[in-house]
Every structure is written in structure tokens, then in C-alpha cells.
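Below are the chains, spelled out letter by letter.
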2 protein chains.
Amino acid sequence: AGVDKGVDFANYFCTYAYLYHQKEMLCDRVRMDAYYNAVFRNKHHFRNKVVLDVGTGSGILAIWSAQAGARKVYAVEATKMAEHARELAKANGVDDVVEVIEGSMEEVTLPEKVDVIISEWMGYFLLRESMFDSVICARDRWLRPDGAMYPSHARMWVAPIRSGLGDQKIDDFEREMNEWHNFVDETEAHYGVNMNALTKAYRAEHEKYYLKTSMWSNVHPNQIVGTAAVIKEIDCLTATVDEIRSVMAQVTMPIIMDRARVSAFAGWFDVHFRGSTQNPAMHEIELTTAPSEDFGTHWGQQVFLLHPPIRANEGDKIIMSFTMSRSKENHRLMNVEFTCELEQSSGKRLSPVTSKVFIE
Amino acid sequence: AGVDKGVDFANYFCTYAYLYHQKEMLCDRVRMDAYYNAVFRNKHHFRNKVVLDVGTGSGILAIWSAQAGARKVYAVEATKMAEHARELAKANGVDDVVEVIEGSMEEVTLPEKVDVIISEWMGYFLLRESMFDSVICARDRWLRPDGAMYPSHARMWVAPIRSGLGDQKIDDFEREMNEWHNFVDETEAHYGVNMNALTKAYRAEHEKYYLKTSMWSNVHPNQIVGTAAVIKEIDCLTATVDEIRSVMAQVTMPIIMDRARVSAFAGWFDVHFRGSTQNPAMHEIELTTAPSEDFGTHWGQQVFLLHPPIRANEGDKIIMSFTMSRSKENHRLMNVEFTCELEQSSGKRLSPVTSKVFIE
Ligand SMILES: Nc1ncnc2c1ncn2[C@@H]1O[C@H](CSCC[C@H](N)C(=O)O)[C@@H](O)[C@H]1O
Ligand SMILES: Nc1ncnc2c1ncn2[C@@H]1O[C@H](CSCC[C@H](N)C(=O)O)[C@@H](O)[C@H]1O
């Protein structure tokens, strides 16, 4: 709807056509263990069942589903990676079960309905890439009424953090601006053109890049200075595109550290594999991308800078209202806006601070 | 013709919409000096004339044309950068002369024909980006029969070089492949899937990336081990798209150094500002991107690796046949194929070596 397919391919799908990128995901042990255990510790969901893998990539989830006993697995992939998935299924002796279909999920036709939809659709901060739309579309068209979603639930989290990233980015930004001013001087001196009229636009461009774009980061648990809060819960069996198109929440996060300098928020997600209500998982599996010393994922966390930082103490609370919506230019990217108010333990509230951040 | 505009924007134009990228070009002193001198040392070509700037970007060439006395300058730019060009013209007091038109050159209509077309259309190794197509289109539609092209001529050069880049890339490639083999072992051990079926494809993907893609490099003059040769000459006043769609040449390059290890070829270009035959430049200006210790440009040189390297001595000759054509998937990228034969001073010819390289 309104999305140019060719442009979407150039901006989005193209990277998935590289084995290099697929390998990055296949090397993420936290991700791999979660899906592996979700499948093999819940074989009753797969044995003799019909499975649909939305966005099969290298084919890994489809092959596992077959190994766990599926009668048939439809493995749909939009990019040329489909050919590799087909090869891999064959080399692993499951090509009688796994049928790889090259095409976009929205457009392919399956010969039958399915019992399970499995998919690894999560982007940075869960919803970047908007791939869950395709899973919803697949579910509404192809999942049997009593079918199960793998994963079945997803949540988005935020927490206040301390971080040196903000100061570093301000330094980078200021260095850029200094260079710009030199450039303006030199261009005037050597080439007789005054570029100063563009200074404002140059600043805006670089403010956006350095200070208003969220950053990938592997946050250390000890950077978290307040209790994390859930800002979105998704039931994969019932969610609609309307429900995920934007995320709005108001949350309160108690500060858990004295003399904390809150210079950013971290955002992450988790998903759960619980099967369905009629047919629950025997072993519920969680995949979390929360800050962790030992179990980092390729998703890391997204960091949203706060300018200026807020000074807070144990007993204070941060009251945040958070809005995320899709970028008008590219529905797979996100615009975030949040407002923070510090409520001190005395009950006094500091004036709210608002930030706009792009997830690019 | 067969090019999806939205895709072309996503792949190509989008970067030019950033001031950051325009600034990079505006900071290239060799480039700037050449165009500046071409205009201001040939004011007779601009005074009271009508000028068209194809792809005005920040507007710099249009503003110079106005400052040199043009009666009217049409400054066409496909991206939103057009707005900044308009501001800049205004801030420099030439907005009565410079008319910025936002649109693609192929689609805009001018109210009159022009005396001069000025444009900075050169990509890596001259033709990457295929932007000269747009200049040809502008010329055929809008240049008066006695008009002049700025620049008026262009040439492509190649030379045999010695370089550590090839060894480095082979190391990178081999490290990647070792990692892949570990990955295959681990995936089998932990997750019961044998990925070996993809090893060949992974190798091909990485061979392309590390060994078969040309590299930007700032070649030092002392790396050049043979006499450079021209493989293409373009007369900007008469060239057709058919003439530049592919480049084919057979050249002989004498080796000028003993015990030279030819591990790559460097490719670069130069352009000249000579005006037209009826109306020649008073001061002919050259812009060269040849290897130079002191006058590097943002174009650098493109390096095409040769595997395995060729050992040669002074008096030997390299006979090269060279073909460059456009990539089928993206007409702005290039596929290069070359065959080299070493003719030793004795007259003996070694067996030819062929390489395919992508300019991405
Ligand atoms: N609408 C759609 N139709 C088909 N494939 C899609 C799609 N949207 C995304 N994809 C594909 O979904 C994959 C997501 S990455 C996950 C790959 C694989 N399932 C794994 O877990 O390792 C990518 O390969 C992408 O090309
Ligand atoms: N067909 C076309 N129509 C309009 N603009 C084009 C074009 N092809 C390329 N361009 C623009 O041409 C510019 C080339 S870069 C050169 C910018 C400027 N003339 C300078 O010398 O600094 C880019 O801004 C690009 O967006």
C-alpha cells in the first residue's frame, strides 16, 4: 500500500541477499539458542504439522521445523537467498519436507493452510523494518484458526541509562561544525562565494545525524540507572497492523542509583514462545535482547540521547511519555518522540524535557 | 529508459541530497581550482551569455558563471539540494541571474537555448554514475549549435602499479573463509545443520567483495611501474550515449622499472576545458586525477587487482585489452574485464591473464 517495491528492495531487502548478512544472524547464539529450543523442546507443535516460515533467509528455521518432524514446511523468502535455502534443505536431507518459495509473503499463494507460523521478523527495537506486517498478513491468510505463532508474544522495553555516548556525539558534532566554519572562510577567501547561508541547514543536518539518530549500542547492565519499563506488548496471534503502526505509552521508572546522570534511554525487546492458548508450549522459551554482560545479541540496544542529561537520585522517578511512529519517507524506519519529567522523592517535579529521535 | 526513477533515487541521488556530501566535493581543491580557473580565466565565454549548469548541487558552478558575467544561468538539480542552491545564489547576490530548477535534467524544460553547458558530472574512473548521459541529453536539447561545453574533453587512463592492497585483500578474504569454516563446524555441532552446501556461494560472494571489486585508492606516483595509457577519449561536444556505454581498448604499456611486481592496475581520468573550435578557451585548463603526491582529489584512483601478480622488468611491455560495460542491474555501476599479456624484451610472450572486476 503506497510502497514502491523496487525502492523497498533497494533500501531494505538487498542486504538480506548477502550470505554475509545471513551469517551474522546465524552467529548470534542467543537468537539461535532461543529458536532452536523453541522448536526442539516443543516438538509436539511441529510433529506431523504444516509450518510456514515467513522470511526463511538461509532456511534455518524451516530446516529445524522439518527436523522436528513437520509434515510440510513452506519457506517463503523474497530475495535470491531462497536459492541457497533450497540447496541447504537438500544438503540436509529435508527437501522432501521443506518447500522454498521465492517471493514476497504478501504475494505468494500456498496450497493449504498451516498449523504453525515461525518467523524471525524482529528488527532493532523490535519494530524497525516493519517486517511484522508481513507476518500478520501471512497469519490472516494462512494460519488455521487453532494454529500457533512462533514467537507468540513480544514486548518493547525502555530504561534510563548513563552513557558517555552523548558527550562523544556532542564532541563529534562540534568538530564537524568547526570544520564547516573553516570551510566557509576558505571558500570565501579562495573562491569568492559566501557559504554562510547554508550554515543553518548544515547544522540541522548534522544535529540530526549526531544527536537525533538513535545508536546501536551494547549497553552494560551497570549503565542502567532506573527500573526498566514495558512500553508495548504484542500478542502475535491477534495483533493488527493498526496496533503496531505506532507505539504510545506513559511509564514511570524509579531511579535506582544515587547521583545518577541520566544521559540517554536504552530501548530493547524480548519475545516469548508460548504456543497458543489451546495448544500451549511445553517449554516456554524467552529470547531477550536486554543489556547483559554475557549474552549480547546482534540487535544490541538502541540508545536515545537526552540533551541535556538529567541528574537524579535514588527515590526519584522518571515519568516518560513515549511515541513511536513510522517515517513518512520509509515505512521501515521510525520516528520517536519522548517527554521526560523527573519527579523527585520530595514530590517536586522538574520541568519536562522533550526529544525527537530517528531510528534509521 | 528501463530505469525505475524511485530505485535510481534510492541508490544514487539520495547521497547528493546531503550537504555533507556536497561539502566533500567543495573541499576538493584540485577540482575547485580547475573549475574556478576554467570560468574566470575564460570570462569571454560567460559574459552576457546564457549558461546551463547540469546538476548544480550546492550551486557553486552556477554562481561562478553569474559572477563571471553571465546574463542568465539555469541551474538544474534533481535533489532537494536545489533549495540550498537557491538560497546560496540569493545570499551571494546573483539570484537575478541564477535560476535554480529542481528536477531531473531529462525532464525539465528551459525557456531558451544556451551558449554554455557547464557540469561536474565525473564519477570514479570518469564514467561511474553514468551522469554524462544527462549532460549529453541536455546538450542535444538545449545547447546552441555554436555553444561550448565545460569541460570540453575527457580521457580515461590506466597504468600498471605495484601495491600491497592485493596481498592485504587476500589476507582479509582468507580470514573471512576461515571464520566461515569455523561457523560451519559450530553450526553443525550446536544446531545440527550442515551449512557446507553454502561454502561455494559464500566463497564466491567474498571473492567478489574482496578480490573482484575495484578499490578507491590514493596511489603514490612511485607505485606506477609502467607508462600510463589512454583507453578512452571523449569529445563532450559530439559524444553520444552509444559511444560511452562501453569502453574497449587495446593498449601497450612499457614497463619502466626493473624487477617490478605488477599486482594491479590503476585507473583515473582527466578533463580539459578548451571551449569550442569556433570559440576556443583563452586559457586552457586541465583537471587531472592522476596519481600525485601533492594534488590528490576525492576521486583518487580506482585499483583493479591482478591475481596472480606479474613479474616484469624494464624493457618488457604489458599488452592489455580492456573492456568496461554497465552493470545490468544498475546502469550507474560498471563491469570491467581485462586481459594482460607480458611481452618480454626478448620478444617472448607469457600466457595472458584475464580478470573481471566490478566498479561498485
Ligand atoms: N515480506 C516478505 N516476504 C518474504 N521474505 C521476507 C519478507 N520480509 C522480509 N523477508 C525476509 O525475511 C528474512 C528476515 S531475517 C531471518 C532469516 C532466517 N529466518 C533466520 O532466522 O535466520 C530476510 O531474509 C528477508 O529477506
Ligand atoms: N539527471 C540529473 N538531473 C539533475 N541533477 C542531476 C542529474 N544527475 C545528477 N545530478 C546532480 O548533479 C550533481 C553532481 S555533483 C556536482 C555538484 C556541483 N555542480 C559541484 O560541482 O559542486 C548532484 O547534486 C546530483 O544530484
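Residues numbered from 1 in each chain as written. Chains lettered and ligands numbered in written order. Predicted model: local features only at pLDDT ≥ 70, side-chain atom pairs only at ≥ 80, totals over all residues. Heavy atoms only, no water.

Asker: Any chance you could explain the interface of chain A and chain B here in plain terms?
Answerer: Facing the 42 residues of chain A at the interface are 42 residues of chain B. Both sides of the chain A and chain B interface together cover about 3700 Å² of buried area, and 64% of this is carbon and sulfur. Looking only at chain A, the three residues that lose the most surface to chain B are Leu19, Lys23 and Tyr191 of chain A, adding up to 19% of its buried area. Where chain A touches chain B, the interface holds four salt bridges. The partner of arginine 29 of chain A in a salt bridge is glutamate 186 of chain B, and the shortest N-O contact between them spans 3.4 Å. Here chain A is connected to chain B by 18 residue pairs in polar contact (both at pLDDT 80 or more). Of all the elements in the fold, those that place two or more residues in the side of chain A that touches chain B are α1 (5–16), α2 (19–26), α3 (29–40), α4 (60–67), α5 (81–91), α7 (165–191) and α8 (199–211) of chain A. No other element matches the seven residues that α7 of chain A contributes to the side of chain A that touches chain B. (Contact = heavy atoms within 4.5 Å. Buried area = accessible area lost by both parts, 1.4 Å probe. Salt bridge = Lys/Arg side-chain N within 4 Å of Asp/Glu carboxyl O. Polar contact = N/O pair within 3.5 Å; in protein donor to acceptor, adjacent residues only side chain to side chain. Helix = DSSP H or I, 4+ residues; strand = E, 2+ residues; numbered from the N terminus.)

Asker: I'm lost on the pattern of salt bridges in this one. Help?
Answerer: Opposite charge on two side chains permits them to pair, given that their charged atoms come into close proximity. Going through the model one piece at a time under the given rule, you end up with 41 salt bridges over all chains. Glutamate 107 of chain A serves as the salt-bridge partner of lysine 5 of chain A, at 3.1 Å between the closest nitrogen and oxygen. Taken together, the positions of lysine 5 of chain A in helix α1 and glutamate 107 of chain A in the loop between β3 (98–102) and β4 (114–119) put the pair 102 residues apart, joining distant regions of the chain. No difference in accessibility class separates lysine 5 of chain A from glutamate 107 of chain A, as the two residues are exposed. In this structure, glutamate 112 of chain B and arginine 71 of chain B form a salt bridge, with 3.6 Å as the shortest nitrogen-oxygen distance. Of this pair, glutamate 112 of chain B sits in the loop between β3 (98–102) and β4 (114–119) while arginine 71 of chain B is found in the loop between α4 (60–67) and β2 (72–77), placing the two residues 41 residues apart along the sequence. (Buried < 20%, exposed > 50% of the residue type's maximum accessible area, 1.4 Å probe, protein only.)

Asker: Sorry, what's going on with the relation of the copies chain A and chain B here?
Answerer: These two copies of the chain differ by a rotation about an axis and a displacement along the same axis. For the pair chain A and chain B, the relating rotation is 180°, the translation along its axis is 0.0 Å, and the fit reaches an RMSD of 0.0 Å. This pairing of chains is accounted for by a two-fold axis. Identified as the residue of chain A closest to the rotation axis by C-alpha distance is valine 7 of chain A, at 2.4 Å. Looking at the interface residues of chain A, 100% of them are also at the interface in chain B, so both copies use one shared face. (Least-squares fit on C-alpha atoms with pLDDT ≥ 70 in both.)

Asker: Please clarify how the packing of α7 of chain A against helix α3 (residues 29–40) of chain B should be interpreted in this entry.
Answerer: A pair of packed helices can be characterised by two numbers: the angle between their axes and the separation between those axes. Put simply, α7 of chain A and α3 of chain B touch, their axes get as near as 12 Å, and they point 30° apart. With respect to the hand of their crossing, α7 of chain A and α3 of chain B are arranged in right-handed fashion. Residues Glu186, His190 and Tyr191 of chain A of α7 of chain A pack against Arg29, Met32, Asp33 and Tyr36 of chain B of α3 of chain B. Tallied by class, the residues present in the contact of α7 of chain A with α3 of chain B amount to three nonpolar, one polar and three charged. (Axes fitted to C-alpha atoms, helices over the stretch in contact; angles between N-to-C directions. Left-handed = near helix turned anticlockwise from the far one by under 90°. Nonpolar A, V, L, I, M, F, W, Y, C, P; charged D, E, K, R; others polar.)

Asker: What is the right way to look at unusual backbone geometry in this model?
Answerer: Apart from glycine, the bulk of residues carry a negative phi angle, and the bulk of peptide bonds sit in the trans form. With an omega of 0°, the peptide bond running from tyrosine 150 of chain A to proline 151 of chain A counts as cis. Secondary-structure assignment places proline 151 of chain A in the loop between β5 (143–150) and β6 (153–161). The peptide bond linking histidine 307 of chain A to proline 308 of chain A adopts the cis configuration, its omega dihedral lying at -10°. Its place among the elements puts proline 308 of chain A in strand β12 (residues 301–312). With a phi close to 65°, asparagine 48 of chain B is a non-glycine residue in the positive phi region. Take asparagine 48 of chain B: it is sitting in the loop between α3 and β1 (50–54). With a relative accessible area of 56%, asparagine 48 of chain B lands in the exposed category.

Asker: I'm lost on the site of ligand 1 in this one. Help?
Answerer: Residues and elements named next belong to chain A. Lining the immediate environment of ligand 1, one finds 21 residues, of which Arg31, Gly55, Glu77, Met105 and Glu106 sit closest. At 2.8 Å from an oxygen atom of ligand 1 is found a side-chain nitrogen or oxygen belonging to arginine 31. Note that a nitrogen atom of ligand 1 is positioned 3.0 Å from one of the side-chain N or O atoms of serine 134. Bound to the protein, ligand 1 loses 99% of the 570 Å² it would expose on its own. Here the shell around ligand 1 takes three residues from α1, the largest share from any one element. (Near = heavy atom within 4 Å. Areas by Shrake-Rupley, 256 points an atom, 1.4 Å probe, with all protein chains shown as cover.)

Asker: Mind showing me how you'd approach the sheet that holds β3 of chain B here?
Answerer: Two pairing modes exist for strands in a sheet, parallel and antiparallel, and in both the strands are linked by backbone hydrogen bonds. Residue and element names in this part refer to chain B. A sheet is described by the order of its strands in space; here five strands give the open sequence β3-β2-β1-β4-β5, paired in parallel fashion. Each edge of the sheet is formed by a strand with only one pairing partner; in this case those strands are β3 and β5 (143–150). Ignoring strand direction, the axes of neighbouring strands in this sheet form an average angle of 20°. Inspection of the sheet shows β1 paired to β4 by four bridges, in the parallel sense. Residue pairing in the sheet places aspartate 53 in a bridge with isoleucine 118 of β4. Sheet strands touched by α4: β1, β2, β3 and β4. Its angle to β2, the strand with the most contacts, is close to 180°. Those strands touched by helix α5 (residues 81–91) are β2 and β3, and its axis lies near 170° from that of β3. (Pairing = 2+ DSSP bridges.)

Asker: Just checking my understanding: could you explain α4 of chain A for this structure?
Answerer: An α-helical segment advances 3.6 residues per turn. Residues three or four places apart therefore align on the same side. Residues and elements named next belong to chain A. Summarising burial for α4: seven of the eight residues are buried, a large majority. Those residues of α4 that fall on the buried side of the exposure criterion are Ile60, Leu61, Ala62, Ile63, Trp64, Ser65 and Ala66. Of the residues one or two after α4, glycine 69 is the one with positive phi, at around 110°.

Asker: So what exactly am I meant to see when it comes to the packing of aromatic side chains here?
Answerer: Aromatic ring pairs are reported here in terms of the distance separating the ring centres and the angle at which the planes meet. All names here are of chain A. In this structure the tally under the stated criterion is 40 aromatic pairs over all chains. Residues tryptophan 121 and phenylalanine 132 carry aromatic rings whose centres are separated by 4.2 Å and whose planes lie at 35° to one another, so their mutual orientation is tilted. Of this pair, tryptophan 121 sits in the loop between β4 and α6 (132–142) while phenylalanine 132 sits in helix α6; the two residues are eleven residues apart in sequence, bridging distant segments of the chain. In this structure phenylalanine 132 comes out as buried when scored by relative accessible area, which is 2%. Among the aromatic side chains, those forming a connected cluster through ring pairs are Phe125, Phe265, Phe304, Phe322 and Phe338. Lying across the ring of phenylalanine 358, lysine 208 places its NZ or CZ 4.2 Å from the centre. (Phe/Tyr/Trp six-rings, centres within 6.5 Å; stacked < 30°, edge-to-face > 60°. Lys NZ or Arg CZ within 6 Å of the ring centre and 35° of its normal.)

Asker: Can you walk me through the site of ligand 2 in this structure?
Answerer: Residues and elements named next belong to chain B. Surrounding ligand 2, one finds 21 residues, the nearest of these being Arg31, Gly55, Glu77, Met105 and Glu106. One of the side-chain N or O atoms of glutamate 77 is found 2.7 Å from an oxygen atom in ligand 2. Its free accessible area being 570 Å², ligand 2 has 99% of it covered by the protein chains. Counting residues per element, the ones that place at least two in the shell around ligand 2 are α1 (5–16), α2 (19–26) and α4. In terms of residue count, α1 provides more of the shell around ligand 2 than any other element does, three residues in total. When grouped by side-chain class, the residues that make up the shell around ligand 2 number nine nonpolar, eight polar and four charged.

Asker: What is the right way to look at the sheet that holds strand β9 (residues 246–254) of chain B in this model?
Answerer: Residues and elements named next belong to chain B. Taking strand neighbours across the sheet as the criterion, the four strands line up as β9-β13-β14-β15 in an open arrangement whose pairing is antiparallel. Two strands close off the open sheet at either side, each with one partner strand: β9 and β15 (353–359). On average, each strand axis in the sheet is tilted by 15° relative to the strand beside it, whichever way the strands run. Where β9 lies against strand β13 (residues 317–326), nine bridges are found, and the strand directions are antiparallel. Of the residues in β13, the one forming a bridge with glutamine 250 is serine 321.

All quantities given are derived from atomic positions and should not be read as evidence of function.
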